[in-house]
Amino acid sequence: MSDDSTTPWAVRVHDLTYHYPDGRAALRGVDLNVAEGECVALVGPNGAGKSTFLLHLNGILPERGRSVTDHHHGIDFGHKTKLHAAIWINGIEVSPANAREVRRRVGLLFQDPDDQLFAATVLEDVAFGPLNLGFSKIDAKRIALESLARVELGDAADRMPHHLSFGERKRACLAGILACSPSILALDEPTANLDPRGRRGFITLMRDLPGTKLIATHDLEMVLELCERTIVLDRGRAVAQGDSRTILGDSALMDQYGLEVPLSLTMRTKIS
Ligand code: ADP
């Protein structure tokens, strides 16, 4: 990643601080940029602020002084904001006024698919996004079917989301996101709780997706496969960043933040 003024930034975040309503500081002055087309990992121990950070990218957080129910995701955050920051998505500053435009650009995959799926059938769920963007019913259905085929769920269109396996629900969520053609994917623990085949399939899917990707994860082997750059978050701060192999191979750094050097890197060190 170059760092000059000509870099086209997909995501720019300056001094992002966020306290949950109970006063807990989840983010403390995060500065972070992601260039267009980059695939960047966000790693760090539980509670580091990874999910909170991703929720800011499409304007779900901060909630601005009122209890909000996100009807698409069925989540009542009810958070009040304490914001001293600016976030730009493709150069657009995130604000309540342009929340719609920002959400079109940033596709956020929730950690738990059950926070994301809400409709009676998989097809309705995936078509919700395009319908909301103004596509006709026919076009929304076509786009939804194409997106389902892309995640190999073409034959699940008429099924009820809660009848799908965990891995299928996760892919249905991804289809819902892809149906809106976002330029940035923010993926929260995309491989967590998947069996080995499901994990491998999801990694292949992510690798083949175009656009900018920001992946919060504990799956460091996946990071080595997909992400050229890694940012370490700890207690709400970005404490280290760099080339993924360098960061994840730094045993002192990994140890300091409660992480472990991925096995594939230790084995390479031992052999050479
Ligand atoms: P991570 O994704 O890295 O595990 P989170 O963003 O979930 O971290 O959490 C960051 C901090 O914010 C943690 O201290 C966590 O306890 C706190 N937190 C997360 N969600 C809430 C919430 N809804 N209310 C209060 N505190 C929260």
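Everything discussed here concerns the structure shown above.
Every residue gets a number counted from 1 within its own chain, in the order that chain's sequence is written. Two thresholds apply to this predicted model, a pLDDT of at least 70 for residue-level local features and 80 or more for giving and counting side-chain atom pairs, whereas whole-chain, interface and lining totals are computed over all residues. Only hydrogens and water are set aside when side-chain values are computed; all heavy atoms of the structure are taken into account.

With that out of the way, let us pick up the overall build of the chain. Looking only at helices and strands, the chain features 10 helices and 12 strands. Each residue's exposure class comes from its accessible area (1.4 Å probe, protein chains only) as a fraction of the maximum for that residue type: buried when under 20%, exposed when over 50%, partly exposed otherwise. The 272 residues of the chain split such that 49% are buried. Any two residues having at least one pair of non-hydrogen atoms within 4.5 Å are treated as being in contact. Put simply, 63% of the contacts in the chain that link residues at least 6 apart link residues at least 24 apart. Each helix corresponds to a stretch of at least 4 residues labelled H or I by DSSP, and each strand to a stretch of at least 2 residues labelled E; elements are numbered beginning at the N terminus.

Any Lys or Arg side-chain nitrogen located within 4 Å of an Asp or Glu carboxyl oxygen qualifies as a salt bridge. Summed over the entire model, instances satisfying the criterion amount to 11 salt bridges. The shortest N-O distance in the salt bridge between Arg 169 and Asp 114 comes to 2.8 Å. Here Arg 169 is found in helix α5 (residues 166-178), whereas its partner Asp 114 is found in the loop between β8 (106-109) and α3 (122-132), with 55 residues between them in sequence. What makes Arg 169 buried here is its relative accessible area of 13%. By relative accessible area, which is 43% here, Asp 114 ends up partly exposed. One salt bridge connects Asp 219 with Arg 199, and the closest N-O pair in it is separated by 2.7 Å. Here Arg 199 lies in helix α6 (residues 196-208) and Asp 219 lies in the loop between β10 (212-216) and α7 (220-226), a separation of 20 residues in the sequence. The class for Asp 219 is buried, based on a relative accessible area of 14%.

With respect to spatial proximity, 13 residues lie near the ligand, and among them Gly 47, Gly 49, Lys 50, Ser 51 and Thr 52 are the closest. Within the side chain of Lys 50, one N or O atom sits 2.8 Å away from an oxygen atom of the ligand. Measuring from an oxygen atom of the ligand, one finds a side-chain N or O atom of Thr 52 at 2.5 Å. Surface burial for the ligand is 68%, taken as the share of its 570 Å² of free accessible area covered by protein chains. We call a residue near a molecule or strand as soon as one heavy atom of that residue lies within 4 Å of the molecule or strand. For the purposes of these results, a polar contact is taken to be a pair of N or O atoms within 3.5 Å, where, inside protein, one atom must be able to donate a hydrogen and its partner to accept one; residues adjacent in sequence count only when each atom of the pair is a side-chain atom. Per-residue and other accessible areas follow the Shrake-Rupley method at a 1.4 Å probe size, with only the shown protein chains counted as cover for residues.

Mapped onto the fold, Thr 217 is located in the loop between β10 and α7. Since its relative accessible area comes to 0%, Thr 217 is described here as buried. Polar side-chain contacts of Thr 217 include one of 2.8 Å to the backbone nitrogen of Asp 219. Filtering out sequence-adjacent residues up to four positions away, Thr 217 remains in contact with Leu 42, Val 43, Glu 189, Thr 191, Met 222 and Val 223.

Moving on, we come to α5. In this analysis, the expected span of each helix is defined as 1.5 Å times one less than the number of residues it contains. When the terminal C-alpha atoms of α5 are compared, their 19 Å separation across 13 residues agrees well with the 18 Å that a helix rising 1.5 Å per residue should span. Listed as buried for α5 are Arg 169, Lys 170, Ala 172, Cys 173, Leu 174, Ala 175, Gly 176, Ile 177 and Leu 178. For α5, the secondary structure elements touched by its buried residues are β8, α3, α4 (137-150), β9 (184-188) and α6.

Although it is not a glycine, Asn 90 sits at a positive phi angle of roughly 45°. One non-glycine residue, Ser 181, lies in positive phi territory at about 45°. Inspection of the secondary structure puts Ser 181 in the loop between α5 and β9.

What follows concerns the sheet that holds β10. Ordered in space as β8-β9-β10-β3-β11-β12, the six strands form an open sheet in which the pairing is mixed. The sheet terminates laterally at β8 and β12 (237-243), the two strands that pair on one side only. Pairs of neighbouring strands in the sheet enclose a mean axial angle of 15°, with direction left out of account. The pairing criterion is simple: DSSP has to find at least two bridges between the two strands. Across five bridges, β9 lies against β10 in parallel orientation. Paired with Asp 188 across the two strands is Ala 216, which belongs to β10. Axis geometry follows a simple rule: fit a line to the C-alpha atoms, using only the stretch in contact for helices, then measure angles between N-to-C directions, giving values from 0 to 180 degrees.

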